[in-house]
Amino acid sequence: MKNFSTWMIIMFMVMFWILRIIIAFTYEMGGSFGGLEPINQPMEIVLLFVVLVCMLFIIKRKMIGALIYLLAYGMYFGTSLITSITALTASTVEITASNMGNYLNTFVSLIGVAIPIAVLFDLLLDKNRKANPKDKKTDWFYKNEKFDREMDERADKNNYRTL
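So, a few notes on the structure that sits alongside this text. (Residues numbered from 1 in each chain as written. Predicted model: local features only at pLDDT ≥ 70, side-chain atom pairs only at ≥ 80, totals over all residues. Heavy atoms only, no water.)

Across its full length, the protein holds five helices and zero strands. Taking all 163 residues of the protein together, the buried fraction comes to 29%. Carbon together with sulfur atoms contributes 68% to the accessible area of the protein, which is approximately 11,400 Å² in total. (Helix = DSSP H or I, 4+ residues; strand = E, 2+ residues; numbered from the N terminus. Buried < 20%, exposed > 50% of the residue type's maximum accessible area, 1.4 Å probe, protein only. Areas by Shrake-Rupley, 256 points an atom, 1.4 Å probe, with all protein chains shown as cover.)

Next comes the structure, spelled out in structure tokens:
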């Protein structure tokens, strides 16, 4: 997690998770958070705990966390996104305050699908850096040929490099 983009994606992921907690809590108390409502309240609560575990895996740069995160949010928000987009494009009703909640829920579902895709692409692109990490403190010595020491004139077998 050395890149700024990785930190930003994780911050968006955490902020979206907190938003989903607030939406689930306000719906459970009998209201709606600015017109946002959960698609399925029991599934939303289960999904909050699944995403919490996935966040830990994603921070540790494990691919299984990103795949479970994409699968869970893709199934939860993806089906809602497809049905709401088809319903909104089929209707010829003007945008009013009464159906603004539908547009807002569609936008949140779009964000709910976009963040896991961004996390997965970030992990896929970061996979090479995990296999060959760069450390500026030691690479100047271990990865630089001009600092290689040669054996002295006595031809001893001392290893000057330790790995």
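Any two aromatic rings considered together are summarised by their centre-to-centre distance and by the angle between their planes. In total, this model carries five aromatic pairs according to the counting rule given. Ring centres of Tyr69 and Tyr73 lie 5.0 Å apart, and the angle between their planes is 40°; this geometry places the pair in the tilted category. Of this pair, Tyr69 and Tyr73 both sit in helix 3 (residues 63-90), four residues apart, roughly one helical turn. According to the relative accessible area criterion, Tyr73 is buried, its value standing at 2%. Taken together through their ring pairs, the aromatic side chains of Phe16, Tyr69, Tyr73, Tyr76 and Phe77 make up a single cluster. (Phe/Tyr/Trp six-rings, centres within 6.5 Å; stacked < 30°, edge-to-face > 60°.)

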